[in-house]
Amino acid sequence: MYVAIRGVLCLLAFWLSLGCSEEGNTLHTIFVDETAAPGGDGSEEKPLTSVGEALTVVPENGLIYVAAGTYRVPNEWMFATPVRIFGALEAPTVFLADSGETLSWQSSENHQLTIRDIAFQSAFHVRSTTLELRNVSVTGIGPALSLIDADASMLQVDIRVSRAADSGDYADDAFLVQDSTLEWTEGRALDAPDRGIIIDGSAVSLTAVALSSGARAAVHLVANSELTASDLNIEDAGLGVFVQNSSLLLSESEIRRTEQTSILGGTESVIRVEDTLFEDSPGGSVATSLNATSLSLRGNTFRRAVADNCITASAGSLLAEDNEIDTCAGSGISALGVDVEIRDNRIENILPDLLIGIVATGVSVTDATGTIESNTIKDTMDNGISVVDSVIVVDSNTIGPVNGSGISYVDGPATMSRFSNNMITEATGAGIIVLNASVDIEGNTIADTKLSSETSFGDGIVFGSAANVTVIGNGITGSVRSGVLFFDGALGVVRDNSASSNGQYGISELCIGDANQVVVGPNTLTGNSAGAAQLCTM
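Residues numbered from 1 in each chain as written. Predicted model: local features only at pLDDT ≥ 70, side-chain atom pairs only at ≥ 80, totals over all residues. Heavy atoms only, no water.

1. Details of the overall build of the chain
The helix and strand tally for the chain stands at two helices and 57 strands. Its C-alpha atoms give the chain a radius of gyration of 33 Å, more than 25% over the compact-globule value 24 Å for 538 residues. Judged by the C-alpha coordinates and their principal axes, the chain covers about 115 × 45 × 30 Å. Within the chain, the fraction of its 538 residues that count as buried is 54%. Within the chain, residue pairs in contact and separated by at least 24 positions form 42% of the contacts whose partners lie at least 6 positions apart. (Helix = DSSP H or I, 4+ residues; strand = E, 2+ residues; numbered from the N terminus. Rg over C-alpha atoms; globule rule 2.2 N^0.38 Å. Buried < 20%, exposed > 50% of the residue type's maximum accessible area, 1.4 Å probe, protein only. Contact = heavy atoms within 4.5 Å.)

See below:
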């Protein structure tokens, strides 16, 4: 019966320093076969019929080999020496709880427990153990698998919840990792009524693991946990990854079809995501809130967040670099109260926010500091870049066409921001508009600004409402109205600009509201339909 595996076990015994008998049978090996005759001694020739009996007689560093079949095993087992339990390769070896629906196994002194080629059909809970699972499946009530105070390695492990438990904090969840370390490679935790994996006070590495969830997150990361994950696949989840007081490093992964946000970071969360695909998540791709400390996004692709921003950062810091952002609602990137570095992203097809209905901006920052540079932004239903109450450098971006202003800045502090070296084409209303804010506008190229039916502007650069602005060295052509327009208590300087082929004036001053205090000239103003300039003092 066991001849086919005799050589394998002997070789394994050699590597484990267990030795072999002269006849080739492994020492320290207990054989179990439910079809054997009663009264066996655990030898290869006379296997035991009960796994429970084998657990009571297995020696230190022993190996229990269990033939194919279905076995009732003890609900609770305390082991005091390292033990290995191997199932059959040719057909399933299935373990069921002796009574009830849960197995609870524990080591007295964190001994090694190695389990291979076993299918658990009861929930499996392990505590205070150094655990290795390989080619194992666990199907049971929630949580189907739990590790508490364990040091675990898992390869090719599949976890499923057969049904929710009758009670308990994790009754609807697939996998609990608490106060443990875990390396899990190749596996699945699917179809949980609630969460896929809860990582609580633990350090976890996931590679090539597929997860789903019900109402809440496929990954729930809390209590100073650390998760490093690559080739992670999350689909059809209530929420993708929730991070609270913990850190996440995610790379080369895919998150699709989450009902809510793909990644949500809470208080003091540190999130770094690279080379990952986010797709078809109506509630947005990545969002941080509640005083999150750090969000870093590099080389990712965000598609079809049709009900919310693709990226939302609230408090802390945001680095967004070299991301592809396509089809979001509200904003491609939205930052509130954040120190930002937003650069080298490609942002397009931004739709109106479903709640407000009018916001559809490539990048939106409020109460922020930092830089927005070298991004490509087009096909937004509102502004390309919107800045509110912030101190920001906006440099070397390519913007347009957009169905709003290329750059809009309102209600800023007295500290000067800088908008420089941007190329803005086919904006609607204004290439750059500044109201009640302070900014240096230098070296920008603005072309073919269209008329806005909402604001009646169609000018290259517009500033007013007590804005303090220097407009120096810009090139403005093809605006429906004027190259530069200022009004209502505007302050600043307009000089060394080139304004040509605009539909009205090169420079135009509206004589409304408070008197303007703007120094104009010299500028190069040619080929403008209504003339070079129209100023209140002329």
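2. Topic: the nonpolar core
The nonpolar side chains of a soluble globular protein tend to be buried with one another. With 124 residues, the main nonpolar core has Ile85, Trp105, Phe175, Trp184, Leu318, Val434 and Phe463 as its most contacted residues. Among the elements that take part in this core, strand β13 (residues 151-161) stands out by supplying five residues, more than any other. Each residue touching Ile85, except ones within four places of it in the same chain, is listed here: Leu55, Ile64, Val66, Trp77, Phe95, Trp105, Leu113, Thr114, Ile115, Arg116 and Ile118. Listed in part, the six residues of the second largest apolar core include Ile433, Val462, Leu485 and Phe487. (Core = buried A, V, L, I, M, F, W, Y, C linked by side-chain atoms within 4.5 Å.)

3. Some details on the pattern of salt bridges
The tally for this structure, following the rule as stated, stands at 24 salt bridges. For Arg195, the salt bridge is made with Asp173, and the minimal N-O distance between the two is 2.9 Å. Highlighted residues: Arg195 in the loop between β15 (181-190) and β16 (197-200) and Asp173 in the loop between β13 and β14 (175-178), separated in sequence by 22 residues. The partner of Glu254 in a salt bridge is Arg256, with the nearest N and O atoms 2.4 Å apart. (Salt bridge = Lys/Arg side-chain N within 4 Å of Asp/Glu carboxyl O.)

4. What about the state of the cysteines?
This structure, assessed with the given rule, holds two disulfides. At a sulfur-sulfur separation of 2.0 Å, the disulfide partner of Cys310 is Cys328. Negative torsions about the S-S bond denote left-handed disulfides, and the value of about -85° found for Cys310 with Cys328 makes this one left-handed. Residue Cys310 is found in the loop between β29 (301-305) and β30 (311-314), and its partner Cys328 is found in strand β32 (residues 324-329); the two are separated by 18 residues along the sequence. Assigned by exposure class, Cys310 and Cys328 land together as buried. Linked covalently through their sulfurs, Cys511 and Cys536 form a disulfide whose S-S length is 1.8 Å. Measuring handedness by torsion sign, the sulfur bridge of Cys511 and Cys536 sits at about -120° and is left-handed. Taken as a pair, Cys511 in the loop between β54 (505-510) and β55 (517-520) and Cys536 in the segment after β57 (531-534) lie far apart in primary sequence, 25 residues in all. Residue class for Cys511 comes out exposed when judged on its relative accessible area of 57%. (Disulfide = S-S within 2.5 Å.)

5. Some thoughts on the packing of aromatic side chains
Taken as a whole and judged by the stated rule, the model has 13 aromatic pairs. When the ring of Tyr71 is compared with that of Phe95, the centres are 6.5 Å apart and the planes differ by 80°; the resulting orientation is edge-to-face. On the criterion of sequence distance, the pair formed by Tyr71 in strand β3 (residues 69-73) and Phe95 in strand β6 (residues 93-97) is long-range, its members being 24 residues apart. For the pair Tyr71 and Phe95, a shared accessibility class is recorded, and that class is buried. Ring plane angle 75° and centroid distance 6.4 Å describe the contact between Trp105 and Phe120, whose orientation is recorded as edge-to-face. Note that Trp105 is positioned in strand β7 (residues 102-107) and Phe120 in strand β9 (residues 119-120), a separation of 15 residues in sequence. Taking the relative accessible area as the measure of exposure, Trp105 reaches 1% and is therefore buried. What makes Phe120 buried here is its relative accessible area of 1%. (Phe/Tyr/Trp six-rings, centres within 6.5 Å; stacked < 30°, edge-to-face > 60°.)

6. Some points on the environment of Val439
Along the chain, the position of Val439 falls in strand β46 (residues 438-442). Along the primary structure Val439 and Ala467 are separated by 28 residues, whereas in three dimensions their C-alpha atoms are 8.2 Å apart. Contacts of Val439, omitting those with residues within four sequence positions, involve Tyr409, Met416, Ser417, Arg418, Phe419, Val434, Asn468, Val469 and Thr470.

7. Quick notes on the side chain of Ser128
By the secondary structure assignment, Ser128 is in the loop between β10 (123-127) and β11 (130-140). The exposure class of Ser128 is buried, given its relative accessible area of 14%. Ignoring sequence-local partners within four residues, the contact set of Ser128 consists of Gln106, Ser107, Asn110, His111, Ile148 and Asp149.

8. Considering the confidence of the model for the chain
The predicted model of the chain has a mean per-residue pLDDT of 91, with 93% of residues at 70 or higher. Residue range residues 1-26 is modelled with pLDDT below 50. Its contacts to residues more than four positions away, or to other chains, number 39 contacts. (pLDDT = per-residue confidence, 0-100.)

9. Digging into the environment of Gly475
Mapped onto the elements, Gly475 comes out in strand β50 (residues 475-477). Look at Gly475 and you get partly exposed, because its relative accessible area is 23%. For the pair Gly475 and Ile234, spaced 241 residues apart in sequence, the C-alpha separation works out to 48 Å. Beyond its immediate sequence surroundings of up to four residues, Gly475 is in contact with Asn444, Thr445, Ile446 and Ser498.

10. Remarks on the pairing of β29
Sheet analysis places strand β26 (residues 277-279) next to β29, joined by three bridges and oriented parallel. Across the sheet, Phe278 pairs through a bridge with Phe302, a residue of β29. As judged from the four bridges shared by β29 and β32, these two strands associate in the parallel manner. Paired with Phe302 across the strands is Ile325, a residue of β32. (Pairing = 2+ DSSP bridges.)

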